[in-house]
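# Survey of secondary and tertiary structure
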Amino acid sequence: MRQFTRLRSLLFAPAVRPDFVAKLADRGADAVVIDCEDATPANAKAEGRANAAALAGDVAANGTQVTVRVNAEPTKWFADDVRDALTGALTAVVVPKIETMAGLDRVASALDEAGHGQLGVIAGIETALGVADARVLLAHTRVVAGYFGAEDFIADMAGVRTPGNAEVHYARSAVALAGRLAGVPVLDQIVADFRDDVRFRHEAAEARSMGYVGKLCIHPGQVPLANDAFVPSADEVDRARRLLEAYDTASAGGVAAIDFEGQMVDEPLATQARRIIALADRP
Amino acid sequence: MRQFTRLRSLLFAPAVRPDFVAKLADRGADAVVIDCEDATPANAKAEGRANAAALAGDVAANGTQVTVRVNAEPTKWFADDVRDALTGALTAVVVPKIETMAGLDRVASALDEAGHGQLGVIAGIETALGVADARVLLAHTRVVAGYFGAEDFIADMAGVRTPGNAEVHYARSAVALAGRLAGVPVLDQIVADFRDDVRFRHEAAEARSMGYVGKLCIHPGQVPLANDAFVPSADEVDRARRLLEAYDTASAGGVAAIDFEGQMVDEPLATQARRIIALADRP
Amino acid sequence: MRQFTRLRSLLFAPAVRPDFVAKLADRGADAVVIDCEDATPANAKAEGRANAAALAGDVAANGTQVTVRVNAEPTKWFADDVRDALTGALTAVVVPKIETMAGLDRVASALDEAGHGQLGVIAGIETALGVADARVLLAHTRVVAGYFGAEDFIADMAGVRTPGNAEVHYARSAVALAGRLAGVPVLDQIVADFRDDVRFRHEAAEARSMGYVGKLCIHPGQVPLANDAFVPSADEVDRARRLLEAYDTASAGGVAAIDFEGQMVDEPLATQARRIIALADRP
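Residues numbered from 1 in each chain as written. Chains lettered and ligands numbered in written order. Predicted model: local features only at pLDDT ≥ 70, side-chain atom pairs only at ≥ 80, totals over all residues. Heavy atoms only, no water.

### A short note on the relation of the copies chain A and chain B
Both copies of the chain are related by a screw-like operation: a rotation about an axis and a shift along it. Between chain A and chain B, the superposition needs a rotation of 120° and an axial shift of 0.0 Å, giving an RMSD of 0.0 Å. Here the transformation between the copies is reduced to the relation of a three-fold axis. Taking the C-alpha atom as reference, chain A places Tyr170(A) closest to the rotation axis, 3.7 Å from it. Looking at chain A, a mere 6% of its interface residues are interface residues in chain B too, so the copies touch through different faces. (Least-squares fit on C-alpha atoms with pLDDT ≥ 70 in both. Contact = heavy atoms within 4.5 Å.)

### Overview of the interface of chain A and chain B
Facing 34 residues of chain A, the contacting portion of chain B comprises 31 residues. The contact between chain A and chain B buries some 2,700 Å² in all, and 60% of this surface belongs to carbon and sulfur atoms. When the buried surface of chain A facing chain B is broken down by residue, Asp38(A), Met157(A) and Tyr170(A) rank first, second and third, together holding 23% of it. The tally of links from chain A across to chain B stands at three salt bridges. We note a salt bridge from Arg180(B) to Asp156(A), for which the minimum N-O separation is 2.7 Å. (Buried area = accessible area lost by both parts, 1.4 Å probe. Salt bridge = Lys/Arg side-chain N within 4 Å of Asp/Glu carboxyl O.)

### A few points about the domain arrangement of chain A
Under the domain assignment, chain A is made up of domain 1 (9-229) and domain 2 (234-280). Put simply, the middle of domain 1 of chain A and the middle of domain 2 of chain A, counted by C-alpha atoms, are 36 Å apart. (Domains from an automatic or database assignment.)

### Observations concerning the relation of the copies chain A and chain C
When chain A is brought onto chain C, the operation consists of a screw motion whose angular component is 120° and whose axial shift is 0.0 Å, with 0.0 Å RMSD remaining. Little of the interface of chain A is mirrored in chain C, where only 6% of its interface residues again form contacts.

### A closer look at the packing of helix 8 (residues 169-182) of chain A against helix 9 (residues 197-210) of chain A
Residue and element names in this part refer to chain A. Where helix 8 meets helix 9, the axes come as close as 10 Å, and the angle between the chain directions of the two elements is 45°. The orientation of helix 8 with respect to helix 9, classified from their angle, is oblique. Read as a crossing pair, helix 8 and helix 9 show a hand that is right-handed. Where helix 8 abuts helix 9, its residues His169, Arg172, Ser173 and Ala176 lie against Glu203, Glu206, Ala207 and Met210. Across the contact of helix 8 with helix 9, the residue classes tally to three nonpolar, two polar and three charged. (Axes fitted to C-alpha atoms, helices over the stretch in contact; angles between N-to-C directions. Helix = DSSP H or I, 4+ residues; strand = E, 2+ residues; numbered from the N terminus. Parallel < 35°, antiparallel > 145°, perpendicular 65-115°, else oblique. Left-handed = near helix turned anticlockwise from the far one by under 90°. Nonpolar A, V, L, I, M, F, W, Y, C, P; charged D, E, K, R; others polar.)

### Observations concerning the sheet that holds strand 3 (residues 65-69) of chain B
Backbone hydrogen bonds hold the strands of a sheet together, and the pairing may be parallel or antiparallel. Residue and element names in this part refer to chain B. Taken in spatial order, the eight strands line up as 1-2-3-4-5-6-7-8 and close into a barrel, and their pairing is parallel. Looking at each pair of strands side by side, their axes are set apart by 25° on average, direction ignored. In this sheet, strand 5 (residues 120-125) lies alongside strand 4 (residues 92-95) in parallel orientation, the contact comprising four bridges. When the bridges of strand 5 are listed, Val94 appears paired with Ile122. (Pairing = 2+ DSSP bridges.)

### Re the interface of chain A and chain C
Contact residues are listed per partner, giving 31 residues for chain A and 34 residues for chain C. Both sides together, the interface formed by chain A and chain C hides about 2,700 Å², and carbon and sulfur atoms give 60% of it. Considering only the surface of chain A that becomes buried against chain C, Leu177(A), Ser209(A) and Met264(A) emerge as the three largest contributors, covering 20% of it. Counting every contact that joins chain A to chain C gives ten residue pairs in polar contact (both at pLDDT 80 or more). Counting only elements with at least two residues in the side of chain A that touches chain C, the list comes to helix 8, helix 9, helix 11 (234-252), strand 10 (263-265) and helix 12 (267-281) of chain A. Counting residues per element, the side of chain A that touches chain C draws most heavily on helix 8 of chain A, which supplies eight residues. Its residues placed into classes, the side of chain A that touches chain C shows 14 nonpolar, ten polar and seven charged. (Polar contact = N/O pair within 3.5 Å; in protein donor to acceptor, adjacent residues only side chain to side chain.)

### Some words on the side chain of Thr91(C)
Residues and elements named next belong to chain C. Tracing the chain through its elements places Thr91 in the loop between helix 3 (78-84) and strand 4 (92-95). Take Thr91: its relative accessible area is 12%, and that puts it in the buried class. Dropping the residues within four chain positions of it, Thr91 is found in contact with Arg2, Gln3, Phe4, Gln65, Val66 and Leu119. (Buried < 20%, exposed > 50% of the residue type's maximum accessible area, 1.4 Å probe, protein only.)

### Structural notes on the pattern of salt bridges
Counted by the stated rule, this structure contains 81 salt bridges over all chains. In this structure, the salt-bridge partner of Glu73(B) is Arg106(B), at a minimum N-O distance of 2.8 Å. Highlighted residues: Glu73(B) in the loop between strand 3 and helix 3 (78-84) and Arg106(B) in helix 4 (residues 101-113), separated in sequence by 33 residues. For Arg106(B), a relative accessible area of 45% gives the class partly exposed. Across the pair Asp112(B) and Arg142(B) runs a salt bridge whose closest N-O atoms are separated by 2.9 Å. You can see Asp112(B) sitting in helix 4 and its partner Arg142(B) sitting in the loop between helix 6 (134-137) and strand 6 (143-148), a full 30 residues away along the chain. Through salt bridges with shared partners, one network takes in Arg172(A), Asp188(A), Asp193(A), Arg199(A), Glu203(A), Glu206(A) and Lys215(A).

Shown next as structure tokens:
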């Protein structure tokens with residue numbers, strides 16, 4: 001199955017807006033989604049599929065990783081989405097509201113039967129059941145990535161979304177852990193208030209601290225924020241280099257726990273510093 | 001089994017205080033509890049049972065949903081509580097410190113044998129084991145609702161209760177999720193500082209955001225706060241109506257992701273808006 | 001197996017620093033660790049083992065509970081650590097990065113074969129898998145205590161450690177719950193910024209509220225902070241005594257839910273008060 005390179009930003013555009021879709025390749029996102037689900041109304045599903053199939057190749061032409069979000073597997077639209085909306089230009093298919101292993105098996109079969117055996121699934125974990133069973137769901141062999149959908153999750157919980165995100169902290173943490181256990185990258189929730197850059201940056205930093213590799217973006221303006229937030233800052237890289245130099249010198253001399261700028265540093269912090277440098281050195 | 005209508009507020013009164021019990025129907029609570037457990041001392045359990053049996057019918061006369069809290073199933077009082085404290089006037093029985101499916105089976109058998117086959121259980125999830133296994137416990141066929149008991153949970157954890165509630169955030173979230181998975185309404189922890197309305201309102205808003213439908217009340221003054229907090233505010237309803245009007249208009253025109261007052265709105269947010277309006281329109 | 005008395009503070013010293021190890025007994029810690037893992041570099045593992053074996057008896061001479069941290073079971077160092085670094089002077093062995101029951105079984109067998117059948121394991125829960133399976137891991141019969149290692153956990157999650165600890169709140173809560181379910185005491189994460197007493201005190205209070213019995217200490221200066229933080233304060237004890245007196249008086253008179261200084265007090269709060277007094281009365 002095809003795998004993603006980077007996934008700091010995953011930008012959505014409605015399949016029913018060919019003008020927005022056409023510009024997806026120019027937004028600088030690591031990957032993009034042509035959305036046949038929530039952003040495509042029930043009365044325009046066929047139009048959305050046709051647009052997705054017609055436009056994905058152009059968007060992918062400059063190397064952008066392109067995906068299509070189909071409707072959830074239990075809906076009446078899913079079968080037609082798989083048949084009509086997907087092409088060889090895609091890196092993966094986004095499947096929302098993943099809840100059961102049987103559902104994932106049916107998704108895999110449908111993709112295989114439609115000749116898309118190379119397409120893995122970005123699994124949307126965004127219901128109570130999906131969150132509760134995320135550990136096994138994200139470990140399904142067809143899943144190549146996952147995302148946590150806070151808006152749908154809280155709608156399913158009959159709760160209320162708040163800017164502080166306390167109501168999704170447990171679920172968001174559980175999905176990050178499940179992603180790590182499954183060995184697949186996971187993406188953090190959207191920020192619907194698309195002009196609130198402060199909130200986006202804050203959430204992105206939170207998400208990175210929890211182990212998320214990137215963030216869903218519902219507006220092009222969020223893409224540079226995500227791309228910036230999910231790599232180490234220059235200060236972090238500088239500090240990591242200094243830390244490793246001090247640690248390696250001490251280790252060579254037989255000492256593996258050192259006082260580095262007021263912090264006790266030993267192997268776990270050295271491991272984190274090595275990862276920061278590896279991320280920063282990435283082309 | 002009998003089911004609850006609303007459960008925004010569940011007001012407790014000690015079974016040994018017939019004066020308090022007699023007034024339960026006048027407090028405006030969605031449901032009330034005559035408490036034979038924590039609020040009834042060990043040396044007055046028989047008196048508590050007699051009061052509960054004698055007074056429940058009067059309290060229920062104006063339509064108030066009445067329950068009795070018995071002592072936990074493993075205690076020496078449980079059998080007598082079931083035999084002597086319950087009457088046909090009750091909507092359900094509150095059973096504290098639910099920890100195992102076998103325990104719930106024994107509760108169900110005891111209720112059936114005492115002729116209370118129509119009574120479901122409000123399951124108290126308030127121990128380490130109860131929280132850890134809440135998903136299966138709340139899905140027991142006899143359970144019609146649940147509550148999270150923070151004071152008992154932290155006593156069992158040998159922890160310390162704090163006003164910030166960070167020490168119970170994980171457990172409180174897990175119980176909300178378990179309730180949703182089981183399809184039963186769950187009620188949030190008490191506020192012991194019964195004069196602290198600010199804290200009560202704050203916790204109620206938190207709880208609603210997490211998916212709780214109401215709050216345990218240990219003082220009549222908390223009832224109106226709970227009744228108010230667990231329904232959408234007028235502002236929320238206004239916004240939901242405007243949002244849905246804009247969304248429905250756009251959808252009819254083939255667009256399902258719109259900029260509504262600076263927020264990207266698509267199906268998940270529309271779903272939340274529909275639920276807000278449904279709650280507000282409820283008689 | 002040997003059991004710990006108190007575990008408010010568990011102080012680490014590198015096995016390759018015999019000067020630090022020699023002073024471990026004088027630091028006032030409830031228990032100490034001679035660390036052959038992270039604080040001992042790869043090129044000095046043999047030296048670390050020899051020091052641990054040679055010095056543990058001296059440290060234990062004044063009654064200090066002494067442990068050795070070996071390298072994780074899957075590493076090439078583990079077998080030699082068990083053979084060469086452990087002595088009869090130890091109360092337990094600290095095994096980091098516990099992830100599977102099979103791994104714990106191998107640890108137990110290795111200890112038995114080396115003649116250390118009396119040594120239980122302090123299990124380090126500090127990876128994604130360890131956290132996810134902490135409930136069963138800490139319940140392994142060989143485990144006598146556990147700790148949550150935030151630095152290693154976040155390194156494994158590819159996340160970022162922050163002073164606010166939001167990124168570890170879920171895992172930290174899960175480990176506290178797992179410890180309670182298993183009936184073993186659990187210790188909270190280190191504070192690497194060893195001069196930041198405010199943070200240490202804050203984290204210790206948080207940890208105690210969650211049910212942790214103590215804290216890992218990576219600097220002698222942290223020991224008195226931990227010893228102080230994990231026992232009730234004089235104010236807490238005073239309040240608990242007053243509360244219990246009022247509660248017991250009321251209960252004897254047939255009332256078990258009272259207004260105590262503005263708080264509704266019944267059995268759960270009385271239970272907490274009794275525990276506070278028991279902790280304070282401990283010699």
